[in-house]
Amino acid sequence: MKPSIFGYLSPDTRAEAIAALSRYAGDAKVLAGGQSLVPLLNFRLTSFRYLVDINRIGDLAYIRSDGDCLAIGALTRHHAVELSADAARDCAILPEAMQFVGHPVIRERGTCGGSIAHADPSAELPAVLTALGGSVVLEGPSGARTVDAEDFFLGYLMTSQQPDELLVETRFPKLPAGTGVAFEELARRHGDFAIVGVACAALPDGSFRLGICGASSVPFRPRDAEHAAADGDLTLAGHLAAGQSEPEADLHATAEYRRAMVSTLTQRALRRAVERKEGSTRG
Amino acid sequence: MDLYRVEDRRLLTGHGAFLDDLQPVPNIHHAAILRSPYPHARIRGIDASRALAMEGVVSVLTGADVASMSRPFPSALPRQAAYYSLAIDKARFVGEPVAVVVARNRYLAEDALSRIVVDYEPLPAVVDPEQAVINPDAPILHEDVGTNIALHRTLRYGDPEEAFRTADLVVKRRLRFPKYGSTPLETFGVLASWDAAEEVLTIWSNFHGPFSMHPVVAQALGIASNKLRFIVPGDIGGGFGIKTSIYPYMALIGLASRLAGVPVKWIEDRQENLSASSSGTDRVSEVELAAAKDGTILGIRMKIYDNVGGYFRPPEPGCTFRPLGNYVGGYSFRNLDVDAYIVFTNKSLTGPNRGYGCPHLYFGIERVVDEMAQQLGLDPAEVRRRNLIPKSAFPYRTPTGGLYDAGDYEACLDKLLDAADYAGLRRLQAEARAQGRLLGIGFAMGVDPSVSNMGYVDIAASAEERKHRHPKSGATQGTTIQVDDLGKVTVEISTTPQGQSHETMVRRHVAKEFQIPEHEVMVISGMDTATRGWTIPSGSYSSRFASIGISSAVVTARKVLEKLQRIAAHQIEANAEDLEYVDGSFRVKGAPERSVSFRHAAGIAHWDPASLPPGTDPGIYVTHYHTMPTALPPDDQDRVNSSNTYGFMVDMCVVEIDRETGEIQVQKYYGVHDSGVILDHKIAEGQIRGSFVHGLGGAMYEEMSYDADGAFLTGSFMDYLCPTFLEVPPLETHYVETPSPFTVLGSKGIGESATETVPACIANAVTDALRPLGIEVNELPVTPSKVWGWLQEAAVHDQS
Amino acid sequence: MADMRKDSAEDALFEARDVSCTVNGQIYRAKAEPRRLLSDFLREDLNLKGTHVGCEHGVCGACTILLNGRPARSCLTFAVQADGAEITTVEGLAQSPARLTRLQESFSEEHALQCGFCTPGMLVTATALLQDNPSPTADEVKHYLSGQLCRCTGYEQIVSAVLAAASGGQKGGE
Ligand SMILES: Cc1cc2nc3c(=O)[nH]c(=O)nc-3n(C[C@H](O)[C@H](O)[C@H](O)COP(=O)(O)OP(=O)(O)OC[C@H]3O[C@@H](n4cnc5c(N)ncnc54)[C@H](O)[C@@H]3O)c2cc1C
């Protein structure tokens, strides 16, 4: 389990990174935390002619408030988000979801940009980004563009990011004070990728945000279910969310099970988010 | 500061000596192994020329080389089904070695793998052991055998027909036990160096015995056994039986070194480990129990299909026969009928794995015992009690030939029910059920065999066939003790430990025998077959240390003392019988001023042979091989005392099932163990907890999975799920200590105990939880997705 | 491969380069080609065999080291990424084998190791935990160490050892 040969670049700036990506477009891959990419390289399930290591780019790691969004630099480690007071205040679903991403040591290295760019349909962060209607900022040779989460995730490990683009930032819409959040997840073991995971926010205006991972080839946001929840019918919300899933069977769960769990966990997440919302308004 | 174990300081500071840390010879090259991507395929040709042309690549070993340089491994199989260290003309499981590249480093060796072109003709595959036998369309793995049955034995004890004829109740269940392995964190490692001048092959590896594999490798390689040198480092990163099955790789890398002309190292990577190392067998079985109305077990019938994968390799069929002496577990029934098929399928190969055969056995028996209790309306604990072998019956001869040394099974059960407040738990369960919750209580018990008797392997042959063979017996373990001229002690053990604290225990007990401080004793573990004492059963497996390992060390120490006592007696002109050994000195009873110290006596043996008593050799270097008189060959009725000491454990656990998700929460697990005298509670507890988690893995998480076509699905630790810190439920242990009359210190093995009963106990508890819905757990691992599926079926049933 | 390379600067991207880093307070410099895993670099090139390799895909945690003070899988890090870094491996936890840290001592006292293969990663990770959180609860210990597999102990004793070291106050191993 040793990776095959690659050429290694470790640019100090974004511009250099983007230049490298465009020079070797298609042959180069970004290396961030390496917690997903390096296992694939070690198994030789994939190989790239060049790796562009972005870990030396200083200005890619930040969490900052930017208007109605929490802007998180691509190289921000999961661990930093867990500890971030800004995230806790403006987007509490993030640290909540983070608890389910692998293990603390993995979160020390894994990056937010990496989790989003990798687009594992069972990963938690993409579900959160989708639930909140967030976006990603991609920078290429011809400048930056912002892509909505739902347009970004295209399929299993597939996104609309171009080979010469660097994901520089993810933008999570802030949740107003008084929002209740919940992340429900079912996995074979703690820290495993989700069999099904549900991100949920109950907003003070009575509306809901839902994002679901593990149950389709991309994370998805069941809007019908959000509406049903807003109408107070959590059971229906669960069913609608399940109806929108397109799960596949694997080693750990049948497709039927996954679909049913979308319903169950959606209801649980809604209930818990509502409880927390009420708790916060009381408290 | 003194640490708890002698092993600890080096291991805590990163100074252990594991296989991959060794650099015993210069110019070490590295191997990578090309493996079959197909479960079943004919190999029509291999072209390695492009690999050989790569810079840094030294050689490529293929089937043609292996066929010409070696012979199939000898095995208990009377038939053909040749098993070589590498596929010759056909690959029979995903991951089977097909070629070995030797290169300057592992990176280059792996690069070269992709340059080897193999012309495969894929063939249909079969993975289910029952289907492999009963389905006439199942592909045949070994044409020369003509069937997928590697071995078929029927064994009969007592009068099972009568038992089933007179029974008030017969329960029968079909059961599936999964394929899993203990996946030690340190994988296999082999370093082989072929010395062409002397024709000596030296192999360093993390092999942990039994050294019965030494002749197996020597015969396969066709080299004189004294020119095959096995060296094992002092530290092995876990074994659990798995590393017994490293020997095919010892042969393979030996051949690679011979072909390459350089020393070759191969470290198994995790992908190789999961797909092609070794595991326990998966078993499909039908277990049938005959009972009287009062819950007395009258007899058991089992039909077993044990899946050994693509080839049959020693020490299989231990999966089936290693527990033969304890096939009745802790029960007193005498009638048993076993119809055992050992089957080839297109799965990876098997061998010893913690509990070797016992988790399978007790899963079968304990499931049907529970169903019997249920059908008779009896309490499962009470039914077990009624059938226990009573304390007064020990030593107890089982119908299958086992000789149980000692135990107080009923005391264990009492302790369990008491510690867990069983009555209270049942009340709690009733309340939970009234609220619609799915709370279950499960039991399992078993007899834990330790110190395998080499004689059991002959059960693979029929009694008639055995008449024409040399018998096998024994369970020998050797120790060597050297006392230098200053009275300092070195002990060489041949138990090749993998974390079981042998150095600590031997040091402690030898120091105690010699009445000297522990730090004056140094224990050398590891092995070198060329320079140190070993014999066929040497090694660590079948939990043999606390029985035979420590017995061997203590008896050796006593032999040293006898010699020193003779020397001392001669020195002070007394009779040896008149001396006593007190506070590290030999002194005349009643005249303590006439004494010779341990150190002085040893000094004489080294410095002054002229002062030795007549007939006494100089030096203090004593080797003693200890065996057990109970380790006899099978008799003509297929009875064999397959092990030499037998512990006992009875477990109970409480689980709750989430109706909506099928998740299983093990709220609490209790285990009571009678493993004789516990030599060290901390260490024994460590063994139990570790084996508990292996059992938990098999029950709920771990499986080497294949799809129906033979594709392998669990090639990483993301898919093969070892329990983590967060999966382990609270475990409460208790001990009953009934001394074994067969061992020097009254102790016996404990390291495999919990592994053997946890799968059955969890299955019974989940079944108990789901009892109101009529669901039974007759296959493992039990997962949320499966439970949820069963709940849906039950709901549909309910509606119709 | 050579035909595709544009020039020698291009070639250099593939070639072994100098990696210098401080490991356990000592400065090391060695050559590593880009694909060389830090775990192999430490073990083979720097001859520091204390860091163990158990899976090479980040799951078992045996190879965990401190990279600039934070725990990291050395099997998921390339040696070239460690150029200029400050690394602590298990060999660097105690001042000397004779003077162990409180954590190492309690691992022994609690019998938190059997074969010792996972132990380097456990110790390094637990050291990081205690730096961040000097008095963790049992639950916090389990969560923090959840990415470290042990196949021998059943884990319970490891939790006890970390708790014992925490309550006994940290000394050494800084
Ligand atoms: C044991 C273990 C358990 C894990 N469990 C989970 C889990 O439960 N849930 C979960 O979500 N994840 C899990 N992970 C994965 C972990 O969260 C990864 O860190 C994450 O998915 C990827 O982040 P990274 O920074 O490590 O990315 P890398 O591995 O470096 O890269 C991943 C992919 O994203 C691309 N990429 C990364 N950054 C950028 C960028 N800025 N611009 C463009 N492309 C980029 C890379 O080219 C690569 O294709 C686990 C990993 C391990 C080892």
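Treat the numbers as computed from the prediction; the structure is a model and nothing was measured.

A. The interface of chain B and chain C, seen in detail. With 54 residues of chain B at the interface, the matching set in chain C holds 52 residues. Contact between chain B and chain C buries roughly 4,400 Å² in total, counting both sides, with carbon and sulfur atoms accounting for 60%. Summed over the three residues of chain B that lose the most area to chain C, namely B:Y107, B:L185 and B:F725, the buried surface amounts to 22% of that side. There are 4 salt bridges connecting chain B and chain C.

B. Quick look at the sheet that holds strand β2 (residues 26-32) of chain C. Residues and elements named next belong to chain C. Taken together, 5 strands build an open sheet; the order of strands is β2-β1-β5-β3-β4 and the sheet is mixed. Each having just a single partner strand, β2 and β4 (70-73) make up the two edges of the open sheet. Direction aside, neighbouring strands of the sheet carry axes that sit 40 degrees apart on average. Two elements, strand β3 (residues 64-67) and strand β5 (residues 86-88), share 2 bridges in a ladder whose sense is antiparallel.

C. Structural view of the interface of chain B and chain A. The interface of chain B with chain A comprises 31 residues on the first partner and 23 residues on the second. Regarding the contact of chain B and chain A, the summed buried area is about 2,400 Å², with carbon and sulfur atoms giving 58% of it. Between chain B and chain A we count 4 salt bridges in total. Between B:E110 and A:R44 there is a salt bridge whose closest N-O contact spans 3.6 Å. At the junction of chain B with chain A, the criterion picks out 13 residue pairs in polar contact (both at pLDDT 80 or more). Residue assignment for the side of chain B that touches chain A shows that the elements contributing at least two residues are α4 (106-113), α9 (270-276), α19 (681-701) and α21 (784-799) of chain B.

D. Just the domain arrangement of chain A, in detail. Residue and element names in this part refer to chain A. The domain architecture assigned to chain A consists of domain 1 (7-53), domain 2 (58-173) and domain 3 (180-278). Taking only C-alpha atoms, the centre of domain 2 and the centre of domain 3 are 20 Å apart. Carbon and sulfur atoms supply 64% of the area that domain 2 and domain 3 bury against each other, a total of about 1,900 Å² over both sides. The largest contributions to the domain 2 side of the interface with domain 3 come from F100, P121 and A131, which together make up 26% of the buried area. Summed over the shared surface of domain 2 and domain 3, the result is 3 salt bridges. Among the ionic pairs, R223 bridges to E150, the shortest N-O distance being 2.8 Å. Between the two partners, domain 2 and domain 3, sit 5 residue pairs in polar contact (both at pLDDT 80 or more). Of all the secondary structure elements, the ones that give two or more residues to the side of domain 2 that touches domain 3 are α5 (93-98), α8 (124-132) and β8 (153-155).

E. Here's a closer look at helix α14 (residues 422-434) of chain B. Residues and elements named next belong to chain B. End to end, α14 covers 18 Å across 13 residues, agreeing with the expected 18 Å (1.5 Å per residue, within 8%). Of the surrounding elements, those touching the buried residues of α14 are α12 (380-387), α13 (409-419), β18 (438-450), β27 (645-657) and α20 (753-770). The positive-phi residue at the C-terminal boundary of α14 is G436, with phi of around 85 degrees.

F. A look at the site of the ligand. With respect to spatial proximity, 33 residues lie near the ligand, and among them A:V30, A:G34, A:L37, A:T111 and A:E124 are the closest. More than one chain lines the surroundings of the ligand; the residues nearby belong to chains A, B and C. In the model, an oxygen atom of the ligand is placed 2.8 Å from a nitrogen or oxygen of the A:Q35 main chain. Interatomic distance of 2.7 Å between a backbone N/O atom of A:L37 and an oxygen atom of the ligand. The protein chains hide 97% of the 960 Å² of surface that the ligand would expose on its own. Looking at the shell around the ligand, the elements that each hand over two or more residues are β2 (28-31), α7 (112-118) and β10 (166-173) of chain A. Sort the elements by how many residues they give to the shell around the ligand and α7(A) lands first, with 5 residues.

G. How the structure looks around the packing of helix α3 (residues 102-109) of chain C against helix α4 (residues 119-132) of chain C. Residues and elements named next belong to chain C. α4 packs onto α3 with a crossing angle of 130 degrees between their chain directions and a minimal axis gap of 10 Å. Between α3 and α4, the crossing angle belongs to the class labelled oblique. In the crossing of α3 with α4, the sense of the turn from one axis to the other is right-handed. Here L103, Q104 and F107 of α3 come into contact with α4, specifically with T119, M122, L123, A126, T127 and L130. The residue inventory of the contact of α3 with α4, partitioned by class, reads 6 nonpolar, 3 polar and no charged.

H. A look at the environment of B:L113. All names here are of chain B. Examined against the element boundaries, L113 turns out to sit in helix α4. With a relative accessible area of 15%, L113 lands in the buried category. Taking C-alpha positions, L113 is 51 Å from T630, a pair spaced 517 residues apart along the chain. Excluding residues that lie within four positions of it along the chain, L113 makes contacts with A32, I33, L34 and V101.

I. Representation of the packing of helix α7 (residues 213-221) of chain B against helix α8 (residues 247-260) of chain B. Residue and element names in this part refer to chain B. Relative orientation of the contacting elements α7 and α8 amounts to 40 degrees, with a least axis distance of 10 Å. Classed by the angle they form, the pair α7 and α8 counts as oblique. Crossing hand, α7 versus α8: right-handed. Packed against α7, whose contacting residues are M213, V216, V217 and L221, the element α8 presents Y247, A251, L255 and R258 at the interface. Grouping the amino acids of the contact of α7 with α8 by side-chain chemistry returns 7 nonpolar, no polar and 1 charged.

Reading the values: the criteria
- Residues numbered from 1 in each chain as written.
- Chains lettered and ligands numbered in written order.
- Predicted model: local features only at pLDDT ≥ 70, side-chain atom pairs only at ≥ 80, totals over all residues.
- Heavy atoms only, no water.
- Contact = heavy atoms within 4.5 Å.
- Buried area = accessible area lost by both parts, 1.4 Å probe.
- Salt bridge = Lys/Arg side-chain N within 4 Å of Asp/Glu carboxyl O.
- Pairing = 2+ DSSP bridges.
- Helix = DSSP H or I, 4+ residues; strand = E, 2+ residues; numbered from the N terminus.
- Axes fitted to C-alpha atoms, helices over the stretch in contact; angles between N-to-C directions.
- Polar contact = N/O pair within 3.5 Å; in protein donor to acceptor, adjacent residues only side chain to side chain.
- Domains from an automatic or database assignment.
- Expected span 1.5 Å × (residues − 1).
- Near = heavy atom within 4 Å.
- Areas by Shrake-Rupley, 256 points an atom, 1.4 Å probe, with all protein chains shown as cover.
- Parallel < 35°, antiparallel > 145°, perpendicular 65-115°, else oblique.
- Left-handed = near helix turned anticlockwise from the far one by under 90°.
- Nonpolar A, V, L, I, M, F, W, Y, C, P; charged D, E, K, R; others polar.
- Buried < 20%, exposed > 50% of the residue type's maximum accessible area, 1.4 Å probe, protein only.

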